[in-house]
Amino acid sequence: MNRFSRIAFLLAAGCLLSAGCGKTPNASYRLNMVEATKQRLTTEQEQQVATVLLAMFGTPDDPVALPEFGLDEAKLRLASGPVRSDIVGRKNGLYREHCAHCHGVTGDGMGPTAAFLNPYPRDYRPGVFKFKSTERADKPTHADLLRILRNGIAGTSMPSFALLSEPQIDALAEYVKYLSIRGETELSLMRAFFELDDDAQGKLPETREFLVDETAGPIAEKWKSAAAAQIPVPDMPADIDLVASIAKGRELFYGDKANCVKCHGVTGLGDGQANDYDDWNKAIVEINKEIQGGLAKAGETSTSGMSSEDAAEHRKQVAWLGKFSHVVDGDALTPRTIPPRNLRLGVYRGGRRPLDLYYRIHAGINGAPMPAAKGTVPPEDIWHIVNYIRSLPYEFDGELGADRPMVARDRF
Amino acid sequence: MSRSQAETPKTGLAHAVACVLVAVTSVLLCFGALVTTFDAAMAVPDWPGTYGHNMFLFPWAEWFYGPWDLFLEHGHRLLGALVGMISLVLAAVVWRTHQSPAVRGLAAAAVLLVLVQGVLGGARVLLDDKTVAKVHACTGPLFFAVAVAIATLTRRSSSSQSATSSAAVRSAGGLALATYVQLVAGAQLRHLDASVDPATFRWLVAFHLAGAAAVAALAVAAVLCTRSCGQPIARRWSLAILLLVGCQLALGVGAWVVNWGLPSGWLPASWAFSDPLLARSVWGATVVTGHVVLGMMILGASVVLSIATGVLRSAVKSTVRPQQADRLRERAFA
């Protein structure tokens, strides 16, 4: 074989190898294996959950929404399935085209690109969303989701989809709600096994009362009632003296009541307490601690003095810890701490409008260590903090060694 | 009359057709890259027809003024068909002008590849399958490389080129091979199935980055090896490739940034964009598509360099067949 033939052969082989091992399988939802393992579900129980979810929610290519969920199936069909468009340019499969590479087909925040992104893409399954106009524990409104899709999230990899049409953005927001309801229902079903009676023989009741009225229905209801849970925002006083307001805001920022300084630091550079995790990462950190602690304890325990039943139980526990460790490695991303925001950059993830900052301070950020000022700081004082925060990128700060006011970007 | 002068008309025709093939294929590759960038592959659900019409009889106004996705996908098909026809013409011309076995082999390979590529394109649509799309994306550059090789080998002056150092041959051949492997890796990233786990994507990115480093190193090596090889054309091509590789690295970084932004958390927070990225922007699509197309151009240039440095030297040397020389002798010197 001469050189030319060898090169041709290598190219052809490379081309064929690149094809992978066969046809791409149809998209499917991934079971939440971290929760399933945590709840010590058997294979049969995992299968039951998967079957129930399939019946209630369908597949990524053919989603189903029960009337109780209050979701628009026409919008779901526009967003779901593989990417395709018709002769007039109407596009289907919007979620797969624009979102799934980061958020994953299941909405578990485990899309192919997820490991490279910082912060990680949102996992919709716990039903927790950060940037919204509702109280901390409430779901976001449909308008909140639309705003995030339209504006993107500055300082992260979440882009603005402003170039999509309104019906397309609307369909994507609906699909995000669908995935979130599905994910939260999955979590509830997995946790429900723990509360089963002995009579149930380890099987969930497959009745409408249990599955819809008791499990998925209340979750969907929270989404439906989100609009009513919107935070009432008092208008910023029209005759407000901005300089005095900023000074008051500064006082609150450094004071005990708002205590923003604890995390955002005395300079506002986000250099305060920076070793905390958001809820998604914290859950994995705690699981890892449980596994490491369990394995260390198991390593110290000798089975020689145990009864055969205790020894069997011990071995079972060690096997479960090993399995759990393996599942977490494969189904979760390495936890990362969440640094407090650098307020001198003028980059606000939840939106740069004063109203957005008001919501963040009033309700805190759900899923993040940022606490709610509601109940501690009166609404009019929240406006003062908003004004101070908005002034921070331009504030002269002698502590930083500057001898003149500088915009944030000149400082670094 | 010298031998090369006598061969000019026939060899020139093959070269001209091959150049047309390379030019049209370049446009075809741009359309193909845009189809992937805009996820427009399924804008036409049937094949080989287009919405029930014969592909060539689909109303042109509906195509040209229609939706962007339809414009890309149907345009890609029309250009593919055109490339297929030019490949057939080229094969006929190559045979009629008695080119060397290597050139005839390449012309036959071009016809075979374009047929396979057409069928793969159809299968990608009919099966709506990403795996087929990946193979389709790997065959495209291969066909382009073959077309460039034919155009280079049928060039009149190529027969007078002599081999350079073995290091130059190795670096040029290695560069072409590494560039193709990079395009294959890029195709895996571009046609990634959303169900793939993050670990696989991480591995692919690492491979693509390592490949970029290898291509850059080989491009530098090619410049160094051809510096004193006595082949000015090889030197010029190697320098041009180095420049293209530099642009390609910048486009690669750009392709990441327009898709996912600056890697915040890895870079200082002050580097974060104050405005979010804009999905599906013209700027973003241009950078990402440009990265793919420039990769193809580097492959084409590497093939030219490989031939200029002496890879396929035997093919160049035997461009004129003995029987042809006999006929020429009878005609010109009898």
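Residues numbered from 1 in each chain as written. Chains lettered and ligands numbered in written order. Predicted model: local features only at pLDDT ≥ 70, side-chain atom pairs only at ≥ 80, totals over all residues. Heavy atoms only, no water.

**Let's talk about the overall build of chain A**
Thinking step 1. Scanning chain A from terminus to terminus reveals 15 helices and two strands.
Thinking step 2. Along the three orthogonal principal directions, the C-alpha set of chain A runs to about 70 × 70 × 60 Å.
Thinking step 3. When each of the 412 residues of chain A is scored for burial, the buried share is 50%.
Thinking step 4. Relative to all contacts within chain A whose residues are 6 or more apart in sequence, the contacts with residues 24 or more apart total 65%.
Thinking step 5. Computed over 49 positive and 54 negative side-chain charges, the separation of the two mean positions in chain A equals 7 Å. (Helix = DSSP H or I, 4+ residues; strand = E, 2+ residues; numbered from the N terminus. Buried < 20%, exposed > 50% of the residue type's maximum accessible area, 1.4 Å probe, protein only. Contact = heavy atoms within 4.5 Å. Lys, Arg positive; Asp, Glu negative; His and termini not counted. Charge placed at Lys NZ, Arg CZ, Asp CG, Glu CD.)

**Structural notes on the packing of helix H14 (residues 354-363) of chain A against helix H15 (residues 379-391) of chain A**
All names here are of chain A.
Thinking step 1. Across the interface, H14 lies against H15 with an axial gap of 9 Å and an inter-helix angle of 120 degrees. In terms of orientation, H14 and H15 fall into the oblique class. Read as a crossing pair, H14 and H15 show a hand that is right-handed. Note on element contacts: H15 touches H14 through Pro379, Ile382, Trp383, Ile385, Val386, Ile389 and Arg390, opposite Pro354, Leu355, Leu357, Tyr358, Ile361 and His362.
Thinking step 2. For the contact of H14 with H15, the class distribution of residues is 11 nonpolar, one polar and one charged. (Axes fitted to C-alpha atoms, helices over the stretch in contact; angles between N-to-C directions. Parallel < 35°, antiparallel > 145°, perpendicular 65-115°, else oblique. Left-handed = near helix turned anticlockwise from the far one by under 90°. Nonpolar A, V, L, I, M, F, W, Y, C, P; charged D, E, K, R; others polar.)

**Focus: the domain arrangement of chain B**
Residue and element names in this part refer to chain B.
Thinking step 1. Here chain B is described as being made up of domain 1 (1-161) and domain 2 (162-309).
Thinking step 2. Measuring from the centre of the C-alpha atoms in domain 1 to the corresponding centre in domain 2 gives 23 Å.
Thinking step 3. Each partner contributes to the interface: domain 1 provides 26 residues, whereas domain 2 provides 27 residues.
Thinking step 4. Along the contact surface separating domain 1 from domain 2 lie one salt bridge.
Thinking step 5. Across the pair Asp39 and Arg280 runs a salt bridge whose closest N-O atoms are separated by 3.9 Å.
Thinking step 6. Taken together, the connections running from domain 1 to domain 2 amount to four residue pairs in polar contact (both at pLDDT 80 or more).
Thinking step 7. Listed by contribution, the elements that provide at least two residues to the side of domain 1 that touches domain 2 are helix H1 (3-37) and helix H5 (130-153).
Thinking step 8. Tallied by class, the residues present in the side of domain 1 that touches domain 2 amount to 15 nonpolar, seven polar and four charged. (Domains from an automatic or database assignment. Salt bridge = Lys/Arg side-chain N within 4 Å of Asp/Glu carboxyl O. Polar contact = N/O pair within 3.5 Å; in protein donor to acceptor, adjacent residues only side chain to side chain.)

**Some remarks on H15(A)**
Thinking step 1. Compared with the 18 Å implied by 1.5 Å per residue over 13 residues, the 19 Å span of H15(A) between its first and last C-alpha is a close match.
Thinking step 2. For H15(A), every residue scored as buried is listed here: Asp381(A), Ile382(A), Trp383(A), His384(A), Ile385(A), Val386(A), Asn387(A), Tyr388(A), Ile389(A) and Ser391(A). (Expected span 1.5 Å × (residues − 1).)

**A word on the interface of chain A and chain B**
Thinking step 1. Each partner contributes residues to the interface: chain A has 57 residues there, and chain B has 55 residues.
Thinking step 2. When chain A packs against chain B, close to 4700 Å² is buried across both sides, 62% of that on carbon and sulfur atoms.
Thinking step 3. Where chain A packs against chain B, one counts four salt bridges.
Thinking step 4. Its salt-bridge partner being Arg352(A), residue Asp275(B) comes within 2.5 Å of it at the nearest N-O pair. (Buried area = accessible area lost by both parts, 1.4 Å probe.)

**What about the confidence of the model for chain A?**
Thinking step 1. Across chain A, the average pLDDT comes to 89, with 91% of residues at or above 70.
Thinking step 2. Overall, residues 401-412 of chain A carries pLDDT values under 50, and its contacts beyond four positions in sequence, including any with other chains, amount to 29 contacts. (pLDDT = per-residue confidence, 0-100.)

**A closer look at the environment of Gly375(A)**
Residues and elements named next belong to chain A.
Thinking step 1. Inspection of the secondary structure assignment puts Gly375 in the loop between H14 and H15.
Thinking step 2. What makes Gly375 exposed here is its relative accessible area of 81%.
Thinking step 3. Each C-alpha atom of the pair Gly375 and Phe129 lies 21 Å from the other, and the pair is 246 residues apart in sequence.

**Details of the confidence of the model for chain B**
Thinking step 1. Confidence in the prediction of chain B, expressed as mean pLDDT, is 88, and 86% of residues score 70 or more.
Thinking step 2. Across the predicted assembly, pTM comes out at 0.89 and ipTM at 0.86.

**Describing the side chain of Asn32(A)**
All names here are of chain A.
Thinking step 1. Turning to its location among the elements, Asn32 is positioned in the loop between helix H1 (3-17) and helix H2 (33-38).
Thinking step 2. Owing to a relative accessible area of 8%, Asn32 belongs among the buried residues under this scheme.
Thinking step 3. Other than its neighbours up to four places away in sequence, Asn32 contacts Arg125, Glu186, Leu187 and Met190.

**Quick notes on the nonpolar core**
Thinking step 1. Counting residues in each nonpolar core, the largest one holds 59 residues, and the members touching the most others are Leu21(B), Leu72(B), Val83(B), Leu90(B), Phe143(B) and Ile150(B).
Thinking step 2. Elements with a minimum of two residues in this core: H1, helix H3 (68-96), helix H4 (101-127), H5, helix H6 (166-190) and helix H9 (282-309) of chain B.
Thinking step 3. When residues are assigned to domains, this core turns out to be shared by domain 1 (1-161) and domain 2 (162-309) of chain B, each giving three or more.
Thinking step 4. Excluding residues that lie within four positions of it along the chain, Val83(B) makes contacts with Leu21(B), Val24(B), Thr25(B), Leu28(B), Val114(B) and Phe143(B).
Thinking step 5. With 58 residues, the next largest nonpolar core counts Ala100(A), Tyr175(A), Ile365(A) and Ala194(B) among its residues. (Core = buried A, V, L, I, M, F, W, Y, C linked by side-chain atoms within 4.5 Å.)

**What to know about the packing of H4(B) against H5(B)**
Residue and element names in this part refer to chain B.
Thinking step 1. Where H4 meets H5, the closest approach of the two axes is 9 Å, and the angle between their N-to-C directions is 160 degrees. Considering their axes alone, H4 and H5 lie roughly antiparallel with respect to each other. For H4 against H5, the interelement crossing comes out left-handed. Judged by residue contacts, Val103, Leu106, Ala107, Ala110, Leu113, Val114, Gln117, Leu120, Gly121, Ala123, Arg124 and Leu127 of H4 engage Val132, Ala133, Val135, His136, Thr139, Gly140, Leu142, Phe143, Val146, Ala149, Ile150 and Leu153 from H5.
Thinking step 2. Of the residues assigned to the contact of H4 with H5, the class counts are 18 nonpolar, five polar and one charged.

**Regarding the domain arrangement of chain A**
Thinking step 1. Splitting chain A by domain gives domain 1 (33-228), domain 2 (231-276 + 338-411) and domain 3 (279-331).
Thinking step 2. Distance between the C-alpha centres of domain 2 of chain A and domain 3 of chain A: 43 Å.

**What about the packing of aromatic side chains?**
Thinking step 1. Tallying each qualifying case throughout the model produces 24 aromatic pairs over all chains.
Thinking step 2. Ring plane angle 15 degrees and centroid distance 5.0 Å describe the contact between Phe57(A) and Phe69(A), whose orientation is recorded as stacked. Taken as a pair, Phe57(A) in helix H3 (residues 43-57) and Phe69(A) in the loop between H3 and helix H4 (73-79) lie far apart in primary sequence, 12 residues in all. With respect to burial, Phe57(A) and Phe69(A) carry one shared label: buried.
Thinking step 3. Three or more aromatic residues link up through ring pairs in this structure, and these residues are Phe31(B), Phe38(B), Trp60(B), Trp63(B), Phe64(B), Tyr65(B), Trp68(B) and Phe71(B).
Thinking step 4. When the ring centre of Trp320(A) is taken as reference, the NZ or CZ atom of Arg40(A) above it lies at 3.8 Å.
Thinking step 5. Over the aromatic face of Trp280(A) sits the side chain of Arg122(A), whose NZ or CZ is 3.9 Å from the ring centroid. (Phe/Tyr/Trp six-rings, centres within 6.5 Å; stacked < 30°, edge-to-face > 60°. Lys NZ or Arg CZ within 6 Å of the ring centre and 35° of its normal.)

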